[in-house]
Amino acid sequence: MSNALGKLKERLATVTDLNQAASLMHHDQETVMPEGAASARAAQLGTVSRVAHELFVADEVGIWLEELQSDSEDSGLAEEDRDLIKVAARDYRIKRNLPAEYVDRSTETHILSNEAWRKARDAADYGQFLPWLRKCVDLAHEYADYQGYDEHVYDALLDQFEPGMKAREVEAIFTPLRAETVHLVKAVADSGVQLDKSCLTGNFDHATQVHLGRTLVSAFGFDFSRGRVDEVTHPYCTSFSRDDVRLCTRVYSGEFNVCLFSMLHECGHALYDQNIDPAWDRTPITSGCSLGIHESQSRMWENLVGRGRPFWDWAYPILQAHFPQFNGVPQETYYRAINGVAPSLIRVEADEVTYNLHIMLRFELEKAMMEGKVDLEDLPREWNDRMEEYLGVRPEDDAEGVLQDVHWSFGYLGYFPTYSLGNIISVQLYEAAKRDHPDLEDQFRRGKFDTLLEWMRIHIHRHGRRYTPGELLEQSVGTGIDAGPYVGYLKSKLNDLYGVSV
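Model, not experiment: these values are computed from the prediction. (Residues numbered from 1 in each chain as written. Predicted model: local features only at pLDDT ≥ 70, side-chain atom pairs only at ≥ 80, totals over all residues. Heavy atoms only, no water.)

**Some words on the side chain of His407**
Then, number 1: On the secondary structure map, His407 appears in the loop between helix H15 (379–391) and helix H16 (417–436).
Then, number 2: What makes His407 buried here is its relative accessible area of 3%.
Then, number 3: Once residues within four sequence positions are removed from consideration, His407 is found in contact with His234, Arg347, Tyr412, Tyr415, Phe416 and Tyr419. (Helix = DSSP H or I, 4+ residues; strand = E, 2+ residues; numbered from the N terminus. Buried < 20%, exposed > 50% of the residue type's maximum accessible area, 1.4 Å probe, protein only. Contact = heavy atoms within 4.5 Å.)

Next comes the structure, spelled out in structure tokens:
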């Protein structure tokens, strides 16, 4: 038994190293890789991914796992080792279903697809990306066929990002949330209150925006000795180990919100990655439990903390020191500006209320794409029609419409629902932390954020993938996913901002 465990851990370490090296190559592609290197990088990543896959799904790994799983709990295995075996066995079952040729081909295709998306987005020309999107959807169908599914083809895709969740469960959460959201947006519109957002547009120095972001994420707890900030087309966070975490933002000189709040958002992801227990290094557990849980951290630090009055009681003087043009802007005016509710075209810049409508639109389109109910040639029109129906706005071109997100170019169909799940979970976790620390927001007013970070580290971060999302929620808040607290939070905030009782 101990020999099998030792061999398994050694193999998992090698595979984890290769996967993290592939992540580093992906990040290089997004940040500094020359445009002409895309084909070579696609081949390189295809090779690394295929080798990692073949090492992991080798017959001997299955033999070791079978031997280890056949032992009972009184066999002497530590609880941590049993959990590692459980996670590795699930991954083995999923990866074993995929031929190495498919892994190589899909990796190469997605790298080239991402480059095509980038050029199409710059040109606002969906037609340039359409052939690649067809390939990505075909690959998604292949993946679902390899994995199998009981209810809906989308379930196989969703399971990659939110293990165990079904499309019908997402719909059961989204259907009442959509109705609540539409009601909230209408209540805001009917209030007649117009918030002054003029302070958020102007001329904001590029480097100063990044410096301000660095100052605030450092206060949150981001460790710059184990991480850095890079600039990219589409903000994201990635890690190659808990000691090498990259926080990526984009900067618009004329729009203040974009850089700052993308940095606060990605910092939430980074704090998760930096605080996973080092005992899980070089194992498949050294990453987030699910994307919904991961997104709960980014949305919490961006919105529940970063858009809250207590935070700005401390941070507003720091903002004014960086950008003196805010010296003539009352703090309350600024607070209301960054929390205003108004339908908009761009998901990553959407307010807290309308954001979920963006996600629901994408979820519905993804399901329709996988079911063959929407012709991919018609996708821009379908997108624009639904944007107009749900949000009352219509994109003027493909760049601010169907091409705005990077996800489909990487084959990440099934990813989008996790953003709204993260919104919901963020409030559940935040309220649990406040129950344990009733003075939490008073601490924020003093620039003290370590209590919240430590609560998240203990209850969420350190466990990595050791538990399922459901298990982690039960342990940390005592219940499963529940949209009630999230809707209550939004209603309370809108009542404060717009004087509407909803």
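**A look at the side chain of Arg242**
Then, number 1: Looking at the element boundaries, Arg242 is found in the loop between strand S2 (236–241) and strand S3 (244–249).
Then, number 2: From its side chain, Arg242 meets the backbone oxygen of Ile276 in a polar contact 2.7 Å long.
Then, number 3: In this structure, Arg242 is in contact with Arg226, Asp273, Gln274, Asn275, Ile276, Asp277, Pro278 and Asp281, ignoring residues within four places of it in sequence. (Polar contact = N/O pair within 3.5 Å; in protein donor to acceptor, adjacent residues only side chain to side chain.)

**As for helix H10 (residues 256–274)**
Then, number 1: The first and last C-alpha atoms of H10 sit 27 Å apart over 19 residues, in line with the 27 Å expected at 1.5 Å per residue.
Then, number 2: With respect to burial, H10 is a largely interior element, 18 of its 19 residues being buried. (Expected span 1.5 Å × (residues − 1).)

**Brief notes about helix H18 (residues 450–459)**
Then, number 1: Among the residues of H18, Thr451, Leu452, Leu453, Trp455 and Met456 are the ones counted as buried.
Then, number 2: Its buried side turned inward, H18 meets helix H9 (206–220), H10, helix H11 (291–305), H16, helix H17 (440–445) and helix H19 (469–477).

**Some remarks on the sheet that holds S3**
Then, number 1: Read from one edge of the open sheet, three strands run S1-S3-S2, paired in mixed fashion. Unpaired on one side and paired on the other, strand S1 (227–231) and S2 mark the two borders of the sheet. Here the strands of the sheet are splayed against their neighbours by 20 degrees on average, with no regard to which way each runs.
Then, number 2: Bridge analysis of S2 against S3 gives five bridges, and the strand direction is antiparallel. Looking across to S3, one finds that Thr238 is bridged to Arg246. (Pairing = 2+ DSSP bridges. Axes fitted to C-alpha atoms, helices over the stretch in contact; angles between N-to-C directions.)

**Considerations on the pairing of S3**
Each regular strand shows side chains that alternate between the opposite faces of the sheet.
Then, number 1: Most of S3 sits out of view: five of its six residues are buried.
Then, number 2: For S1 and S3, the ladder comprises five bridges, and the chain directions are parallel. Residue pairing in the sheet places Glu231 in a bridge with Thr249 of S3.
Then, number 3: The hairpin formed by S2 and S3 contains two residues between the paired strands.

**What about the packing of H10 against H11?**
Then, number 1: Close contact between H10 and H11 brings their axes to 7 Å; oriented N to C, the two are set at 135 degrees. As far as their axial angle goes, H11 and H10 are oblique. Considering the relative orientation of H10 and H11, their crossing is right-handed. Contacts from Phe261, Leu264, His265, Gly268, His269, Leu271, Tyr272 and Asp273 in H10 reach Ile293, His294, Glu295, Gln297, Ser298, Arg299, Trp301 and Glu302 in H11.
Then, number 2: Looking at the contact of H10 with H11, its residues break down into six nonpolar, six polar and four charged. (Parallel < 35°, antiparallel > 145°, perpendicular 65-115°, else oblique. Left-handed = near helix turned anticlockwise from the far one by under 90°. Nonpolar A, V, L, I, M, F, W, Y, C, P; charged D, E, K, R; others polar.)

**Some points on the packing of aromatic side chains**
Then, number 1: For the structure on display, the rule yields 31 aromatic pairs.
Then, number 2: Aromatic side chains Phe174 and Phe363 sit 5.5 Å apart centroid to centroid with 85 degrees between the ring planes, which places their arrangement in the edge-to-face category. With Phe174 in helix H8 (residues 167–191) and Phe363 in helix H14 (residues 355–371), this pair connects stretches of sequence that are 189 residues apart. Assigned by exposure class, Phe174 and Phe363 land together as buried.
Then, number 3: Summarising the aromatic geometry, the rings of Phe326 and Tyr334 are spaced 5.6 Å apart at their centres and angled 85 degrees between planes, so their arrangement reads as edge-to-face.
Then, number 4: Phe326 sits in the buried class, given a relative accessible area of 1%.
Then, number 5: Judged by relative accessible area, Tyr334 falls into the buried class, the value being 0%.
Then, number 6: Above the face of the Phe224 ring, Arg214 is positioned so that its terminal group lies 4.1 Å from the ring centre.
Then, number 7: In this arrangement the basic side chain of Arg362 is found over the ring face of Phe416, its NZ or CZ atom lying 5.6 Å from the centre. (Phe/Tyr/Trp six-rings, centres within 6.5 Å; stacked < 30°, edge-to-face > 60°. Lys NZ or Arg CZ within 6 Å of the ring centre and 35° of its normal.)

**A word on the pattern of salt bridges**
Oppositely charged side chains are able to pair whenever their charged atoms sit close together.
Then, number 1: Taken as a whole and assessed by the stated rule, the structure comprises 50 salt bridges.
Then, number 2: Across the salt bridge formed by Asp104 and Arg50, the nearest N and O atoms sit 3.2 Å from each other. Taken together, the positions of Asp104 in helix H5 (residues 100–123) and Arg50 in helix H2 (residues 38–56) put the pair 54 residues apart, joining distant regions of the chain.
Then, number 3: Take Arg50: its relative accessible area is 25%, and that puts it in the partly exposed class.
Then, number 4: Among the ionic pairs, Glu142 bridges to Arg105, the shortest N-O distance being 2.9 Å. Here Glu142, found in helix H6 (residues 126–147), pairs with Arg105, found in helix H5; they are 37 residues apart in sequence, far enough to count as distant.
Then, number 5: Owing to a relative accessible area of 30%, Arg105 belongs among the partly exposed residues under this scheme. (Salt bridge = Lys/Arg side-chain N within 4 Å of Asp/Glu carboxyl O.)

**Topic: the layout of surface pockets**
Then, number 1: As a volume, the second largest pocket reaches approximately 440 Å³.
Then, number 2: If you go around the second largest pocket, you meet 24 residues; those closest to its centre are Pro163, Gly164, Thr468, Pro469 and Gly470.
Then, number 3: Those elements that provide at least two residues to the lining of the second largest pocket are helix H4 (79–96), H8, H16 and H19.
Then, number 4: A per-element tally of the lining of the second largest pocket places H19 first, with four residues.
Then, number 5: For the lining of the second largest pocket, the class distribution of residues is twelve nonpolar, four polar and eight charged. (1 Å grid on protein atoms, 1.4 Å probe; cavity = no way out; pocket = protein on both sides within 12 Å on 5 of 7 lines; lining within 4 Å. Points joined across faces, edges and corners; volume = space filled by probe spheres on them.)

**Quick word on unusual backbone geometry**
Then, number 1: One non-glycine residue with positive phi stands out, namely Ala124, at about 55 degrees.
Then, number 2: If you trace the backbone, Ala124 turns up in the loop between H5 and H6.
Then, number 3: Residue Ala124 is classed as partly exposed on the basis of its relative accessible area, which comes to 26%.
Then, number 4: Unusually for a residue other than glycine, Arg282 sits at a positive phi of about 60 degrees.
Then, number 5: Secondary-structure assignment places Arg282 in the loop between H10 and H11.

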